[in-house]
Amino acid sequence: MSFNFASFTNNLKDLGDKVTSEFNNEIMPFAQRTSRMVQERMGKVNVDEISQLPEEYRALAQKCNNVEKLYKNVLKVTQNYENESYDYPTNLQESFTEFSKNITDRVSNLSKATTPAEAQAALINSNTGEFKPPKTLYHALARATDGSVLTSSADKNQDPLVKALDLYSSNLTKIANARIGQDQLIKAKFNKPLSQTLRSLLSQSSSIQKKVEQKRIDYDLARQALSSCTNPSKEPQLRVAMENAEDEFANTVEDGISVMQNVLEHAKPLEELLELIKAQMAYHKLASELFGNMVGEFESLIEENKNLQSKNSGQRNSESGDFDI
């Protein structure tokens, strides 16, 4: 096959034209806008050379930006509710015990494997189907205060301390479970809606504001080019470019107002915050009721323990009085 030099030349010319076009239409305007933006921020551009945005637009942009900032700041905190152990203290002993049990389970499962696939699964998957206690502060405290470790079942109902520990441990487990329920509600009814609003609605506001800023700078650059032109033959072309830029700027501002009005109409920060409050209230209400009831019951158990100690002391004194010296 012979080499077609003419075709090669045409293709090379088309490529060069395409690169030149992209450079003129995309890269150059971007570089000019960036340079202009830097100059404005450094105060090297006169205020009267910077086009002012309508008050309605600026007010809407401020409101949208405030809502976006609120959502981001709140989510930084409330996303912790999606981590079960956010209040769980570092407990090396429990972690080591779990690690040892995990290794034991893997070895046990491996010994039962009859095929290479089962052996691989035994090494990779450590799930045994057993219940794992939740890692929260209150669950840990409930486990630590389980009264069964202090006495046998025979005298369980006789010792006020054991009864008190069982009462405390069982109620703390209820409170801990309620905290997990609160976390699930916050995740579903607060975090998720806020994240969706940030991605769908508030991202529209950010995008249109960036576009308005670009069109504003393009218009100001076109005005500057026209005002600094010293070649009369180029003025008509520059004037047309300036008028087109002005129209695009005005139209984009109108679009921005429409978009941001829609964003503020559909963003529901008050309603979403109410869902957060409801979830927190349900948890704290239950916790308050259970703690409040325990106060009275503990006071009774303390009195019972005093009477028991007094009775035991009386018996010891009576026995010691019968001893003859």
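Quick note: structure is the one above.
Residues numbered from 1 in each chain as written. Predicted model: local features only at pLDDT ≥ 70, side-chain atom pairs only at ≥ 80, totals over all residues. Heavy atoms only, no water.

(A) Spatial organisation of the side chain of E68. Locating E68 in the fold gives a position in helix α2 (residues 55-78). You can call E68 buried: its relative accessible area is 15%. (Helix = DSSP H or I, 4+ residues; strand = E, 2+ residues; numbered from the N terminus. Buried < 20%, exposed > 50% of the residue type's maximum accessible area, 1.4 Å probe, protein only.)

(B) Structural detail: the nonpolar core. Ranked by internal contacts, the top residues of the largest apolar core, which has 31 residues, are Y57, Y71, V212, V253 and M260. Elements with a contribution of two residues or more to this core: α2, α6 (160-227), α7 (235-266) and α8 (269-321). In terms of residue count, the dominant contributor to this core is α6 (11 residues). Filtering out sequence-adjacent residues up to four positions away, Y57 remains in contact with I208, Q209, V212, V253, G256, I257 and M260. Within the second largest apolar cluster, seven residues are counted, among which are A142, I175, Y283 and L290. (Core = buried A, V, L, I, M, F, W, Y, C linked by side-chain atoms within 4.5 Å. Contact = heavy atoms within 4.5 Å.)

(C) Quick peek at the pattern of salt bridges. For the structure shown, the criterion picks out nine salt bridges. Between E304 and K163 there is a salt bridge, and its shortest N-O distance comes to 2.7 Å. Of this pair, E304 sits in helix α8 while K163 sits in helix α6, and the two are 141 residues apart along the sequence. The partly exposed category is assigned to E304, whose relative accessible area is 31%. For K215, the salt bridge is made with E248, and the minimal N-O distance between the two is 2.9 Å. With K215 in helix α6 and E248 in helix α7, this residue pair connects regions lying 33 residues apart in the sequence. E248 gets classed as partly exposed once you look at its relative accessible area, which sits at 39%. What you see here is one network of salt bridges that share partners, running through E213, R216, D220 and R223. (Salt bridge = Lys/Arg side-chain N within 4 Å of Asp/Glu carboxyl O.)

(D) Layout of the packing of α2 against α7. Running from N to C, α2 and α7 point in directions that differ by 40°, and their axes come no closer than 9 Å. In terms of axis orientation, α2 runs oblique to α7. With respect to the hand of their crossing, α2 and α7 are arranged in left-handed fashion. Between α2 and α7, the contacting residues are E56, Y57, L60, A61, K63, C64 and V67 on the first element and V253, G256, I257, M260, Q261, V263 and L264 on the second. The residue inventory of the contact of α2 with α7, partitioned by class, reads 10 nonpolar, two polar and two charged. (Axes fitted to C-alpha atoms, helices over the stretch in contact; angles between N-to-C directions. Parallel < 35°, antiparallel > 145°, perpendicular 65-115°, else oblique. Left-handed = near helix turned anticlockwise from the far one by under 90°. Nonpolar A, V, L, I, M, F, W, Y, C, P; charged D, E, K, R; others polar.)

Keep in mind that these numbers describe shape and distance, not what the molecule does.
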